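Results of the structural survey
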Amino acid sequence: MVIKTLSRSIREYKLQSALTPLFMVGEVVLECFIPLIMAHLIDSIEAKAMTPVVRFGVILLGMAAVSLLCGTLSGRFAARAATGFARNLRRDLFYKVQDLSFGNIDKFSSAGLVTRLTTDVTNVQNAYMMLIRMAVRFPIMLVTALVMSFTIHVKMTLIFLCIAPVLAAGLALLIWKVYPMFDKVFKKYDELNDSVQENIKGMRVVKTYGREEHEKKKFERSAEEIRKTFTKAERIIALDNPLLWFCVFTAMLLISTL
């Protein structure tokens, strides 16, 4: 239901949203074919024979150029689609806020609405860009790489198939640990925005009653809570890189024993 509602804000950027994964597939397929062509090049090399080297070299150069072009176009269309989607979504939210009833206006704080229109829309924009690029790239890369591996060495592919669930389980565990922290920090944004709005609207009152230090401490407390929560979450997320390289080096050690 949420995805269906959000998808209405894509509107005139449907073409860019469709072209992004299309060019991404082209880039990934070419990237996976390049090592296979290089393997054929090595097998075709003969003593003092430069013809195969030149022929395969031209093919590799052409594939690399087309792959680069596909990647560039994919990034360009993804940027336009994501920013356009965010623009439409922000406008739709603004008009929705204008149509809220008095009961809903009392329910939602102005600081929360500001957060929805700014920080949350930016997060949705980044998520949409990742969805139409990375969410397409990784499955296609996985399937294509496995097919190529099967054509080269079956046992090596089985090693990859055994390592992949370990990596997926580790990443799922990290996401499970981090998600509540980000959910908490987004609520803290409302408190921070509320503190800023209170100071802007009541600037004269704050100065009249000498509440500057109190308001500064209130703002610093909200900012510090956001910093601590984000720091804790980022420390956990940073474990994904060691986990990835652990799986990569483990696979390399197992392959070296074949």
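Presented here is a report on the structure given in the accompanying data block.

How each quantity is defined
Residues numbered from 1 in each chain as written. Predicted model: local features only at pLDDT ≥ 70, side-chain atom pairs only at ≥ 80, totals over all residues. Heavy atoms only, no water. Helix = DSSP H or I, 4+ residues; strand = E, 2+ residues; numbered from the N terminus. Expected span 1.5 Å × (residues − 1). Buried < 20%, exposed > 50% of the residue type's maximum accessible area, 1.4 Å probe, protein only. Phe/Tyr/Trp six-rings, centres within 6.5 Å; stacked < 30°, edge-to-face > 60°. Polar contact = N/O pair within 3.5 Å; in protein donor to acceptor, adjacent residues only side chain to side chain. Contact = heavy atoms within 4.5 Å. Axes fitted to C-alpha atoms, helices over the stretch in contact; angles between N-to-C directions. Parallel < 35°, antiparallel > 145°, perpendicular 65-115°, else oblique. Left-handed = near helix turned anticlockwise from the far one by under 90°. Salt bridge = Lys/Arg side-chain N within 4 Å of Asp/Glu carboxyl O. Patch = residues over 30% accessible without salt bridge, like charges linked within 9 Å, V, L, I, M, F, W, Y side chains within 5 Å. Areas by Shrake-Rupley, 256 points an atom, 1.4 Å probe, with all protein chains shown as cover. Core = buried A, V, L, I, M, F, W, Y, C linked by side-chain atoms within 4.5 Å. Disulfide = S-S within 2.5 Å.

Section: helix H8 (residues 212-237)
Its 26 residues place the ends of H8 37 Å apart at the C-alpha level, agreeing with the 38 Å of an ideal helix rising 1.5 Å per residue. Among all positions in H8, only Glu215, Ser222, Ile226, Thr229, Ala233 and Ile236 are buried.

Observations regarding the packing of aromatic side chains
What the rule picks out here adds up to four aromatic pairs. Between Phe23 and Phe77, the aromatic rings sit 5.8 Å apart at their centres with planes inclined by 15°, giving stacked as the arrangement. One end of the pair, Phe23, is in helix H2 (residues 14-44); the other, Phe77, is in helix H3 (residues 51-98), and 54 residues separate them in sequence. Taking relative accessible area as the criterion, Phe23 reaches 21% and is therefore assigned partly exposed.

Considerations on the side chain of Arg137
Along the chain, Arg137 turns up in helix H5 (residues 110-152). Classification of Arg137 as buried rests on a relative accessible area of 17%. A polar contact is formed between the side chain of Arg137 and the side chain of Glu31, at a distance of 2.9 Å. Here Arg137 is in contact with Met24, Glu27, Val28 and Glu31, once residues within four sequence places are set aside.

Let's talk about the packing of H2 against H3
Axes are the key here: two packed helices are described by the angle between their axes and the distance separating the axes. Where H2 meets H3, the axes come as close as 8 Å, and the angle between the chain directions of the two elements is 160°. Considering the angle they form, H2 stands roughly antiparallel to H3. The element H2 and its partner H3 pack so that their crossing is left-handed.

Some words on the environment of Ser101
Along the chain, Ser101 falls in the loop between H3 and helix H4 (102-107). Placed 87 residues apart in sequence, Ser101 and Lys14 show a C-alpha to C-alpha distance of 32 Å.

Considering the pattern of salt bridges
Under the defined criterion, the tally for this structure stands at five salt bridges. For Asp92, the salt bridge goes to Arg11, with nearest N and O atoms at 3.1 Å. Residue Asp92 is found in helix H3, and its partner Arg11 is found in the loop between helix H1 (2-7) and H2; the two are separated by 81 residues along the sequence. Using a relative accessible area of 26% as the deciding quantity, one classes Asp92 as partly exposed.

What about a nonpolar patch on the surface?
A contiguous nonpolar patch, built from Phe150, Val154, Leu158 and Leu161 and spanning about 340 Å² of accessible area, is present on the exposed surface. Residue contributions to the nonpolar patch peak at three residues, all from helix H6 (residues 154-201). Mapping Val154 onto the fold places it in helix H6.

Remarks on the nonpolar core
One recurring pattern in soluble globular proteins is that nonpolar side chains are buried together. Judged by nonpolar contacts, Ile10, Tyr13, Ala78, Ala81, Ala82, Phe85, Leu89, Tyr128 and Ile132 together constitute the single largest core of nine residues. Those elements that provide at least two residues to this core are H3 and H5. Here this core gets five residues from one element, more than from any other, and that element is H3. Aside from chain neighbours lying at most four places away, what touches Phe85 is Leu6, Ser9, Ile10, Tyr13, Val124 and Tyr128.

A word on the environment of Lys177
The residue Lys177 is located in helix H6 in this model. Lys177 sits in the partly exposed class, given a relative accessible area of 42%. Residues Lys177 and Met38, 139 residues apart in the sequence, show an inter-C-alpha distance of 42 Å.

A look at the state of the cysteines
If you walk through the whole model with that rule in mind, you get zero disulfides. The structure places no disulfide on Cys32, whose sulfur is separated from the nearest cysteine sulfur, that of Cys70, by 13 Å. Accessibility expressed as a relative area gives 10% for Cys32, which makes it buried. Given the relative accessible area of 12%, Cys70 is considered buried.

Some points on the packing of H6 against helix H9 (residues 240-256)
At a minimum axis distance of 10 Å, the contact between H6 and H9 shows a crossing angle of 165°. In this view, H6 runs roughly antiparallel relative to H9, as classed from their interaxial angle. As for how H6 packs across H9, the hand of that crossing is right-handed. Contacts from Met156, Ile159, Phe160, Ile163, Val166, Leu167, Gly170, Leu171 and Leu174 of H6 reach H9 at Asp240, Leu243, Leu244, Cys247, Thr250, Ala251, Leu254 and Ile255.

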